[in-house]
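# Structural features, examined
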Amino acid sequence: GQQVMQIPQYQHVQEGEDFTTYCNSSTTLSNIQWYKQRPGGHPVFLIQLVKSGEVKKQKRLTFQFGEAKKNSSLHITATQTTDVGTYFCAAKGAQKLVFGQGTRLTINP
Amino acid sequence: EPEVTQTPSHQVTQMGQEVILRCVPISNHLYFYWYRQILGQKVEFLVSFYNNEISEKSEIFDDQFSVERPDGSNFTLKIRSTKLEDSAMYFCASSDMGGTGNTIYFGEGSWLTVV
């Protein structure tokens, strides 16, 4: 079945540093979604990318979808303690989401 | 903002016992899902449900699992005879449409501990 690989598994940064997580698939994706899960919480939808080469921004978060639609990234500029959590990419099929392993972000204030 | 609600938030059960996890999806949504997340691992798809029938299920969703929409609002996941490895957070989710382009909204989860 479809698999989505995500790296790194963990990332620890100082507050104010940037953070990036990467998502890769061996097959072309119709779309990619990103979710944030706070510690002890549930996945919360952040954004969906559909078009080849698409770039979307939400304040300090920048999301990219690769030209070949096989990879995606999430970049956070100048992290804040509120950014703590696990960030998942997920490939959306007709009936289900296939999640990556997630990148757990911790921040030193 | 409308939300998916789940009960119970936490359940401890003995191995071999039956468990029913309950969910109330967002009211105008037509597609319902169950996902699970073993502690520290990724979120895994279990089953999707539309028009009163299962539309897709994963390998995890074996004969011990079943889903039901007993009335117009509830969506339940039943595990017939729980095993230790069923211990996980179970998330219910819903969406207003199927297809690749729609947002899936997750509930806060039901944490199941099998002892």
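Since the structure is predicted, the reported quantities are computational estimates derived from the model, not experimental observations.

### Quick notes on the side chain of B:Ser58
All names here are of chain B. Of note, serine 58 is situated in the loop between β6 (53-57) and β7 (65-68). Assessed through its relative accessible area of 17%, serine 58 is described here as buried. Among all residues touching serine 58, those that are not within four sequence positions of it are Phe45 and Leu46.

### Section: the interface of chain A and chain B
Contacts between chain A and chain B engage 20 residues on the former and 22 residues on the latter. In total, about 1800 Å² of surface goes out of reach between chain A and chain B, with carbon and sulfur atoms giving 54% of it. Summed over the shared surface of chain A and chain B, the number is one salt bridge. Notably, a salt bridge pairs B:Glu56 with A:Lys96, separated by 3.3 Å at the nearest N-O pair. Connecting chain A to chain B are three residue pairs in polar contact (both at pLDDT 80 or more). Of all the secondary-structure elements, those providing two or more residues to the side of chain A that touches chain B are β4 (32-37), β5 (44-49), β9 (85-92) and β10 (97-99) of chain A. Looking at the side of chain A that touches chain B, the element that brings in the most residues is β4(A), giving three residues.

What counts and what doesn't
Residues numbered from 1 in each chain as written. Chains lettered and ligands numbered in written order. Predicted model: local features only at pLDDT ≥ 70, side-chain atom pairs only at ≥ 80, totals over all residues. Heavy atoms only, no water. Helix = DSSP H or I, 4+ residues; strand = E, 2+ residues; numbered from the N terminus. Buried < 20%, exposed > 50% of the residue type's maximum accessible area, 1.4 Å probe, protein only. Contact = heavy atoms within 4.5 Å. Buried area = accessible area lost by both parts, 1.4 Å probe. Salt bridge = Lys/Arg side-chain N within 4 Å of Asp/Glu carboxyl O. Polar contact = N/O pair within 3.5 Å; in protein donor to acceptor, adjacent residues only side chain to side chain.

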